[in-house]
Amino acid sequence: MEPASRRQYFLRLATVFVLYLSAGKLGLSVPFTSGNVSPVWPASGVALASVLLWGYEIWPGLALAAFFVNFLSQIPAVPSIGIALGNTSSALLGGYLVRRFISHRPSFERLRDVLGLIAFGAAIAPIVAASVGATTLLLTHIRAWSGFTSAWRIWWLGDAMGVLIVTPMFFTGRALTRSFNRARMIESLVLLLSLLATCFAIFGGRLGLGMKDDVLAFLAFPFVIWAAIRFRAFGAAIAIFVIAAISVWGTAQGNGPFIKHNPLHDAALLQLFIAVTAITGLVLGAVTTEREEAGEASDTKEKLLRALHQAQSSLQEAHAQLELRVGERTAELERAQEGLRALSGQLLTMQDEERRRIARELHDSAGQITAALAMNLTSILAETKKTNPKAGKACREASELVQQLSRELRTISHLLHPPLLDEAGLPPALTWLVDGFAQRSKISVKLDLAPDLGRFSSEVETAIFRVIQECLTNIHRHSESRAASIRITRDADEIKVEVRDQGKGMPSGSNGSTGRRRMGVGIQGMRERITQLGGRFDIRSGKNGTTVVATVPAPGATVQSVPTTAQEAP
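All residue numbers here refer to positions counted from 1 along the written sequence of the relevant chain. Reporting in this predicted model follows two pLDDT cut-offs: at least 70 for local features of residues, and 80 or more for side-chain atom pairs to be given and counted; totals over whole chains, interfaces and linings ignore these cut-offs and use all residues. As a convention, hydrogens and water are excluded, and side-chain values are obtained from all of the structure's heavy atoms.

Trainee: How do you make sense of the nonpolar core when you look at a structure like this?
Mentor: Most often, soluble globular proteins have nonpolar side chains that are buried together. To form a nonpolar core, buried Ala, Val, Leu, Ile, Met, Phe, Trp, Tyr and Cys residues must be joined to one another through side-chain atoms within 4.5 Å. Classification of residues uses two cut-offs on accessible area relative to the type maximum, computed with a 1.4 Å probe and protein chains only: under 20% is buried, over 50% is exposed, and between them is partly exposed. By size, the foremost hydrophobic cluster in this structure holds 83 residues, and its most contacted members are Y20, L62, M161, I165, L195 and I274. What counts as a helix is a DSSP run of H or I of at least four residues, what counts as a strand is a run of E of at least two, and both are numbered from the N terminus. For this core, the element with the most residues is helix 9 (residues 221–252), which contributes twelve residues. The residues contacting I165, other than those within four sequence positions of it, are V40, I240, F241, A244 and I274. One finds L426, V467, I539 and V548 within the second-largest nonpolar core, a separate group that totals 36 residues. Any two residues whose heavy atoms approach within 4.5 Å at even a single point are treated as in contact.

Trainee: So what exactly am I meant to see when it comes to unusual backbone geometry here?
Mentor: Most of the time, phi is negative for any residue but glycine, and the peptide bond is trans. Phi is positive for H141, close to 60 degrees, though the residue is something other than glycine. Take H141: it is sitting in the loop between helix 5 (111–139) and helix 6 (148–166).

Trainee: Just to check I follow, could you spell out the pattern of salt bridges for this structure?
Mentor: Where charged atoms from two side chains of opposite charge approach closely, those side chains can pair. Salt bridges, as used here, are contacts in which a Lys or Arg side-chain nitrogen is within 4 Å of a carboxyl oxygen on Asp or Glu. Applying the stated rule across the entire model yields eleven salt bridges. Here E461 and R455 are joined by a salt bridge, their closest N and O atoms 2.8 Å apart. Residue classification places R455 among the partly exposed positions, given a relative accessible area of 21%. The partner of D538 in a salt bridge is R540, with the nearest N and O atoms 3.2 Å apart. The exposure class of D538 is partly exposed, given its relative accessible area of 34%. Classification of R540 by relative accessible area gives partly exposed; the value is 45%. Among the charged side chains, a network of salt bridges with common partners joins R232, E292 and E296.

Trainee: Looking at this structure, how should I read the environment of G525?
Mentor: Relative to the helices and strands, G525 resides in helix 15 (residues 521–532). For G525, a relative accessible area of 21% gives the class partly exposed. For the pair G525 and A463, spaced 62 residues apart in the sequence, the C-alpha separation amounts to 10.0 Å.

Trainee: Before we go on, may I ask you to explain the environment of P168 in this structure?
Mentor: For P168, the position within the fold is in the loop between helix 6 and helix 7 (173–178). Through-space distance from the C-alpha of P168 to that of A237 is 6.4 Å; in sequence the pair is 69 residues apart. Residues in contact with P168, not counting those within four places in the same chain, are F108, L117, V163, A237 and L282.

Trainee: What should I look at first to understand the packing of helix 2 (residues 42–54) against helix 6 in this one?
Mentor: The relative placement of two packed helices is expressed as an angle between their axes plus a distance between the axes. Closest axis-to-axis distance for the helix 2/helix 6 pair is 6 Å, and the angle between their directions is 60 degrees. With respect to each other, helix 2 and helix 6 are oriented oblique. Relative to helix 6, helix 2 is oriented so that their crossing is right-handed. Contacts between helix 2 and helix 6 involve P42, S44, G45, V46 and L48 from the first element and G158, D159, G162, V163 and V166 from the second. When its residues are assigned to classes, the contact of helix 2 with helix 6 shows five nonpolar, four polar and one charged. Helix axes are fitted to C-alpha atoms over the stretch in contact, other axes to C-alpha atoms as well, and angles between N-to-C directions run from 0 to 180 degrees. Any angle between 65 and 115 degrees counts as roughly perpendicular, while under 35 counts as roughly parallel, over 145 as roughly antiparallel, and the rest as oblique. Left-handed is the label given to a crossing in which the near helix is rotated counterclockwise from the far helix by less than a right angle, and right-handed is the label when the rotation is clockwise. Three classes are used, and their members are as follows: Ala, Val, Leu, Ile, Met, Phe, Trp, Tyr, Cys and Pro are nonpolar, Asp, Glu, Lys and Arg are charged, and the others, Gly among them, are polar.

Trainee: Before we go on, may I ask you to explain the side chain of T277 in this structure?
Mentor: Within the secondary structure, T277 is located in helix 10 (residues 263–387). Overall, T277 belongs to the buried group, its relative accessible area being 3%. Side-chain polar atoms of T277 contact the backbone oxygen of F273, separated by 2.8 Å. Other than its neighbours up to four places away in sequence, T277 contacts F221, V224, I240 and I243. We define a polar contact as two N or O atoms separated by no more than 3.5 Å, with the added condition that, inside protein, one atom must be a possible hydrogen donor and the other a possible acceptor, whereas residues neighbouring each other in sequence contribute only through side-chain atom pairs.

Trainee: What exactly am I supposed to notice about the confidence of the model for the chain here?
Mentor: Caution applies to low-pLDDT regions: their predicted coordinates should not be interpreted in detail. Confidence of the predictor at the level of single residues is captured by pLDDT, which takes values from 0 to 100. Summary statistics for the chain give a mean pLDDT of 82 and a share of 85% for residues scoring 70 or more. Counting contacts from residues 512–518, a segment whose pLDDT is below 50, to residues more than four positions away or on other chains yields seven contacts.

Trainee: Hey, could you run me through the packing of aromatic side chains in this one?
Mentor: Within a pair of aromatic rings, the relevant descriptors are the distance that separates the centres and the angle that separates the planes. In this scheme Phe, Tyr and Trp rings, the latter by its six-membered ring, pair at centre separations within 6.5 Å, and the angle between planes marks the pair as stacked below 30 degrees, edge-to-face above 60, and tilted otherwise. Here the structure, examined in full by the defined rule, presents 13 aromatic pairs. With a centroid separation of 5.3 Å and an interplanar angle of 55 degrees, the aromatic rings of F218 and F221 are classed as tilted. Accessibility expressed as a relative area gives 34% for F218, which makes it partly exposed. Judged by relative accessible area, F221 falls into the buried class, the value being 17%. When the ring centre of Y56 is taken as origin, the NZ or CZ atom of R99, which lies over that ring, is 5.3 Å away. Across the ring face of F101, the terminal group of R100 is positioned such that the distance to the ring centre comes to 5.2 Å. Here, a charge over a ring means that NZ of Lys or CZ of Arg falls within 6 Å of the ring centre while also lying within 35 degrees of the ring normal.

Trainee: What exactly am I supposed to notice about a nonpolar patch on the surface here?
Mentor: On the surface, a cluster of nonpolar side chains totalling about 420 Å² of accessible area is made up of L340, L343, L347 and M350. With respect to the helices and strands, the residue L340 is situated in helix 10. Residues enter patches when their relative accessible area tops 30% and they take part in no salt bridge; the joining distance is 9 Å for like charges and 5 Å for the nonpolar side chains Val, Leu, Ile, Met, Phe, Trp and Tyr. Only the protein chains shown count as covering a residue, and every accessible area follows the Shrake-Rupley method with a 1.4 Å probe.

Trainee: Honestly, the side chain of Q469 in this entry has me stumped. Any pointers?
Mentor: Among the structural elements, Q469 can be located in helix 14 (residues 458–479). Take Q469: its relative accessible area is 15%, and that puts it in the buried class. Here the side chain of Q469 touches R466 through a polar contact of 2.8 Å, side chain to side chain.

Trainee: Looking at this structure, I do not really get the pairing of strand 1 (residues 444–449). What am I missing?
Mentor: Side-chain alternation along strand 1 places V445, L447 and L449 on a buried face and S444, K446 and D448 on a face that remains uncovered. Here six bridges tie strand 1 to strand 2 (residues 483–490), and the two strands are oriented parallel to one another. Its bridge partner lying in strand 2, L449 is registered against I488. The β-α-β motif built from strand 1, the intervening helix 14 and the parallel element strand 2 has left-handed crossover chirality. Strand pairing is assigned whenever DSSP identifies at least 2 bridges connecting the two strands. Here a crossover is taken to be right-handed if, once the strands point away from the viewer, the path from the first strand over the helix to the second is traced clockwise.

Trainee: How should I be thinking about the packing of helix 4 (residues 77–101) against helix 5 in this particular structure?
Mentor: One can describe the packing of helix 4 onto helix 5 by two numbers: an axis separation of 8 Å at closest approach and a directional angle of 160 degrees. Judged on the interaxial angle alone, helix 5 and helix 4 are roughly antiparallel. For helix 4 against helix 5, the interelement crossing comes out right-handed. A class-by-class count of the residues in the contact of helix 4 with helix 5 yields 14 nonpolar, ten polar and one charged.

Here's what the structure looks like:
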């Protein structure tokens, strides 16, 4: 042991020794005690309480105190040792049974604890002390009461009374202070004075009324009930202690209702009276405590339920407000998206119009200028051909460059806005686009057009043309594919465009999936064009290439024959 623990242990041993010795001397002071067998043995309650409080290691203090209680009362040393062993074993057994089957630290404010105290502490454990003690007295020829049976019975009941009267007082005092106020102090004082007056009236002899009828002893019962109901287990324990002390003192003095028979019979009646009073008070106190705690728990539950309902109401209100705000924000977002979509459509329309204007300017203005320049160079060449061969050569080269510039301007003009798209429709424009792309990029492109494709609105034809144009540009710039295919089909409801390549595929996350990287302008433009028409746009990319699928609703179309449904450019 540590020094502090050792000091605490020996202090506990000293405390138990003093308390047990005092309680034992008090029990032996009863005048009609016979052979150190007392009708009420409060030391047994001290012993059981000390074991429950401080554990089994407290046994040396119990054994030493039990020995000295008997040895100092003119009992020889040998029987004193036997009685001490029996009393100590009884306390240890009672403590073990209560701890094992009831609670490690009982409060005796619950009915389970009280019933365990009655069964294990007051009924079973004293059997050991009574058996060992009565046997020791018999073997050492010390006469107790009228024989072994009567001594055993008085011993057993006396230890049981001590347990019922004293043990609860060590455990029930803490609960009283939690709700003790001035009004309770006045009530407790009135209760104590009334109980004392009633007990002295029953057992006081000259100080009381000298009642001789056994039934009149139970006039003290209402006060036990009062104490149990109002002050719970501790009040019942104090009332029981007062009644037991005065009834034992009065009976020992020859007063009260338990003196009409022989001492053995009177002791049995006294023990029965104390047992009934103690059991009733302790059980009623425990039941009252449990009911009050159940009521408090019910009140707490109701408060928690009200708080829960309020929290649920607040949560529902907050949820409704949140839904309202989310709805408002969603509506705002939808309006913003609609505005953005309209703006995007306007930008695309303006872009197409600007391309058409630039294409027209290039074709009309720049084309005419280059044609005039070519004519002038031809005239200059005719004049300088004979006079200056070097100048003629330079003029020929300049004429060829002007012709090349004219062709480039015509190509750029057609790429910006092909005249065939407005004049002949989508199939001829796509055929011209694919042929020119194949010649410039050296990529083999297969064009597969539905035979009943027909003509559509300029918006639909322009959108399909621009999507295919952008796809071919991406294939040339990024895919490293040497072949591509374009397929356009239609049914009664929609037009479907598929553009495939056999390249390296697109980087992960760049096709518009969740968590994508920043999308390219070309892909975003294609998506916006198709979305503006109410269609769907999807990109599927993998190791075997990329497929772009665009679907738009099919408005009323003018069906025309297409000279070829499939064309493959070199």
